Every structure is written in structure tokens, then in C-alpha cells.
Amino acid sequence: MFRSTKGHRPQNPRENANLFAKIVYSFTFPIFRQGLKRALQVSDVYGVTTDCQSGLLASALDAKWDEEKRKRNPKLVFCFFKMFGVTYACLGIGLLLINTVTMATFPLLIGKIVKSFQMNSSEGNMHVLCYSLALGSFILLKTVGFHSYMFGIERLFIRTQIAFNGLIYRKCLALGTSSSSEVASGKVITLLTKDVNGLYFSIHFFHHLWNGVIQIVVLSWMMYAQIGIPALIAMLFFLLFVPVQG
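Residues numbered from 1 in each chain as written. Predicted model: local features only at pLDDT ≥ 70, side-chain atom pairs only at ≥ 80, totals over all residues. Heavy atoms only, no water.

### Focus on the nonpolar core
Most often, soluble globular proteins keep nonpolar side chains buried together rather than apart. Our working rule: By nonpolar core is meant a set of buried Ala, Val, Leu, Ile, Met, Phe, Trp, Tyr and Cys residues that side-chain atoms within 4.5 Å join together. The buried label applies to any residue whose accessible area, calculated with a 1.4 Å probe on protein chains only, is under 20% of its type's maximum; exposed applies above 50%, and partly exposed to all values in between. In DSSP terms, a helix is any run of H or I states spanning at least four residues, a strand is any run of E spanning at least two, and both are numbered starting from the N terminus. Whether two residues touch is decided by their heavy atoms; if any such pair falls within 4.5 Å, the residues are in contact.
The biggest cluster of nonpolar side chains holds 20 residues, and the ones touching the most others in it are Leu61, Phe80, Phe84, Tyr88, Ile153, Leu156 and Ile203. Broken down by secondary-structure element, the contributors of at least two residues to this core are helix H3 (54-68), helix H4 (76-117) and helix H5 (122-174). Ranked by the residues each element gives to this core, the list is headed by H5, at 9 residues. Beyond its immediate stretch of four places on either side in the chain, Phe80 contacts Gly85, Tyr88, Thr160, Phe164 and Ile203.

So, in C-alpha cells, the structure goes:
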């Protein structure tokens, strides 16, 4: 899991890409153009970004784990939040804003568009155009935002996987002869494959869990403002089926 010094790969263009290039992934265009001209070679593949290097991530997690072991009840999950907690929280807040804003605006804008068609005047046509442009803008915002979120969460999981696998690898190398004979190789393989990969679903779906609660509250308030008490009764009836679906 240590960084190899053999060979040299081109620098990853994401390292120096600006915010717009990262949002639209325009930093990948050069390698696509190169692939259109000729078959790509192994030497054409970019090197990993600095924050994804196994040596740096494993060392950082190892240091966090050494600090955590001094506590009475150490937990590895605390090391994860110390290393990636800020990034993970920002991704969750971004997902909440994207889903909540679009969920609240889509039905309102569609209702405004339908209502404007009933005006049968040039002013009504202008309203339809404005609301349609706003609706298209929010759809574009949701598409770009959600893809950026998915890219960020996948990248965070890869960094987590590299860090945890690197830590396990280092601990295995540090085992003495007597200790290594007591640890089954199958257990180590299970840690590197099944257990570490199990973090994928936790990292992915935890934000959807608490985001869903907030979205239900916002949606219930919007329905109550438009319909009244019957909307809350309908929402309560809908929530009764959540345990059954789970």
C-alpha cells in the first residue's frame, strides 16, 4: 500500500482544474481527444491525485488510530469522522439543498405554468416563458448538483477504502511471527474485501436517511399550506407503510 517510485505517470489534470472544470468534468477532455486519435496506452493513464495516495491516507489514518487507542473505548468510526467528517458533512448538506429546493420548486413552477395558460394573453405567454426557463434552470441545477454529489461521495468512499486497507496492511506487516500464526489469513481477506466494502452502503445511504426526514417535513408543510388538515392525514397514512416497505 506504499507509493511506488517506479515509472512516471502524467499528472492528474484534476489537481490544477478550476471549479467550473470540476463541475462539468472538462479536465477529462484531453484524454478523450487522445483516445480518438490512437489507442490509449498504460503510460497515458493519469497518476492518482495527491489526496488519494495510499501512503498519505494510510499514514493519516494510522496516526488518528494511535490517538483513538488512548481512549477507554476506542472506535475506528471516530477516526473516519476526524479524517473525512467535514467533507462528508458538506456533501450531505449539498444533497439536502439540491433535493429540498428542487422538490419544493418543481410543483410550484409547474402549477404556475398551467395557471398562466389560462390567461390567454401576451402577458400570460410571457409568464409561461419565464416559469419554463426557471423550471429548466432548476432541472439543470439538480442534474449538475446531483452528479457532482455522486462523484464526490464515490471519491470519498475510494479514499476511505484506500485508508482502511492501508491501515490493515500495515498492521499485518507489523505482526510478529507468533501473532501472525494466530490470525487466519481468511480473516484478513474478509476485512479487506467484505468488511471494508460494507462501508460503501453506509457512506452512500446515510445522507439519504436523514435527508428524507427533512424532505417529508417540508413536503408536509407545503401540502398543509395548500390543502390543510387532509394533507396531514394523507401524509400520516403514507408514513404508515414505511415500516412495511423496510
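### What about a nonpolar patch on the surface?
Our working definition: A residue counts toward a patch only above 30% relative accessible area and without a salt bridge, and it is joined to like-charged neighbours within 9 Å or, for Val, Leu, Ile, Met, Phe, Trp and Tyr, to nonpolar neighbours within 5 Å. Reported accessibility uses the Shrake-Rupley method at a 1.4 Å probe radius. Residues are deemed covered only where the shown protein chains occlude them. Salt bridges are counted wherever a side-chain nitrogen of Lys or Arg sits within 4 Å of a carboxyl oxygen of Asp or Glu.
Among the surface-exposed residues, Leu19, Phe20, Ile23, Val24, Leu140 and Val144 lie close enough to one another that they form a single nonpolar patch of about 560 Å² accessible area. Those elements that provide at least two residues to the nonpolar patch are helix H1 (19-24) and H5. For the nonpolar patch, the element with the most residues is H1, which contributes 4 residues. The exposure class of Val24 is partly exposed, given its relative accessible area of 36%.

### A closer look at the side chain of Asn12
Mapped onto the elements of the fold, Asn12 is located in the segment before H1. Contacts of Asn12, omitting those with residues within four sequence positions, involve Tyr46, Gly47, Val48 and Thr49.

### Section: the pattern of salt bridges
All chains considered together, the criterion is met by 6 salt bridges. Among the ionic pairs, Asp66 bridges to Lys69, the shortest N-O distance being 3.6 Å. Taking relative accessible area as the criterion, Asp66 reaches 32% and is therefore assigned partly exposed. Across the pair Glu68 and Lys71 runs a salt bridge, and its minimum N-O distance is 3.2 Å. Taking relative accessible area as the criterion, Glu68 reaches 0% and is therefore assigned buried. Residue classification places Lys71 among the partly exposed residues on the basis of a relative accessible area of 41%. What emerges from the salt-bridge pattern is a single network uniting Glu68, Lys71 and Lys82.

### A short note on helix H8 (residues 199-226)
Put simply, the test is: Every helix has an expected span of 1.5 Å times one less than the residues it contains. For a residue, the bend is simply the angle between two axes, fitted respectively to the seven-residue segment ending there and the seven-residue segment starting there.
Across its 28 residues, H8 extends 41 Å between first and last C-alpha, which sits within 8% of the 40 Å expected from 1.5 Å per residue. The principal kink in H8, of about 35 degrees, is found at Phe205. Restricting attention to buried positions, one finds in H8 the residues Ile203, His204, His207, Asn211, Gln215, Ser220 and Met222. Gly228 occupies a position one or two residues after H8 and carries a positive phi of about 105 degrees.

### Overview of the packing of H3 against H4
Stated formally: Simply put, an axis is a line fit to the C-alpha atoms, just over the touching stretch for a helix, and the angle between two N-to-C directions goes from 0 to 180 degrees. What sets the label is the angle itself: under 35 degrees gives roughly parallel, over 145 gives roughly antiparallel, 65 to 115 gives roughly perpendicular, and the rest give oblique. By definition, turning the near helix anticlockwise from the far helix through less than a right angle yields a left-handed crossing, and turning it clockwise yields a right-handed one. Asp, Glu, Lys and Arg are counted as charged, while Ala, Val, Leu, Ile, Met, Phe, Trp, Tyr, Cys and Pro are counted as nonpolar; the rest, among them Gly, fall into the polar class.
Relative to each other, H3 and H4 sit at 125 degrees, their axes nearing to 9 Å. The angle between H3 and H4 places the two elements in the oblique class. The two elements H3 and H4 meet at a crossing, and its hand is right-handed. Between H3 and H4, the residues in contact are Leu57, Ala60, Leu61, Lys64, Trp65, Glu67 and Glu68 and Leu76, Phe78, Cys79, Lys82, Met83 and Phe84, respectively. Broken down by class, the residue content of the contact of H3 with H4 amounts to 9 nonpolar, no polar and 4 charged.

### Examining the packing of H4 against H8
Contact pair H4 / H8: the axes reach a minimum separation of 9 Å and the direction vectors enclose 35 degrees. For the element pair H4 and H8, the recorded crossing hand is right-handed. Its residues placed into classes, the contact of H4 with H8 shows 17 nonpolar, 8 polar and no charged.

### Here's the deal with the packing of aromatic side chains
Put simply, the test is: The criterion for an aromatic pair is that two Phe, Tyr or Trp rings (for Trp, the six-membered ring) have centres within 6.5 Å, with stacked assigned to planes under 30 degrees apart, edge-to-face to planes over 60 apart and tilted to the rest.
Counted by the stated rule, this structure contains 10 aromatic pairs. Seen from their ring centres, Tyr200 and Phe201 are 5.5 Å apart, and the 90 degrees between their planes marks the pair as edge-to-face. Judged by relative accessible area, which is 52%, Phe201 ranks as exposed. Ring geometry for Phe201 against Phe205: centres 6.3 Å apart, planes inclined by 10 degrees, an arrangement best described as stacked. Linking Phe201 with Phe205, this pair stays in helix H8, spanning 4 residues, or about one helical turn. Taken together, the ring pairs in this structure connect Phe80, Phe81, Phe84, Tyr88 and Phe206 into an aromatic cluster.

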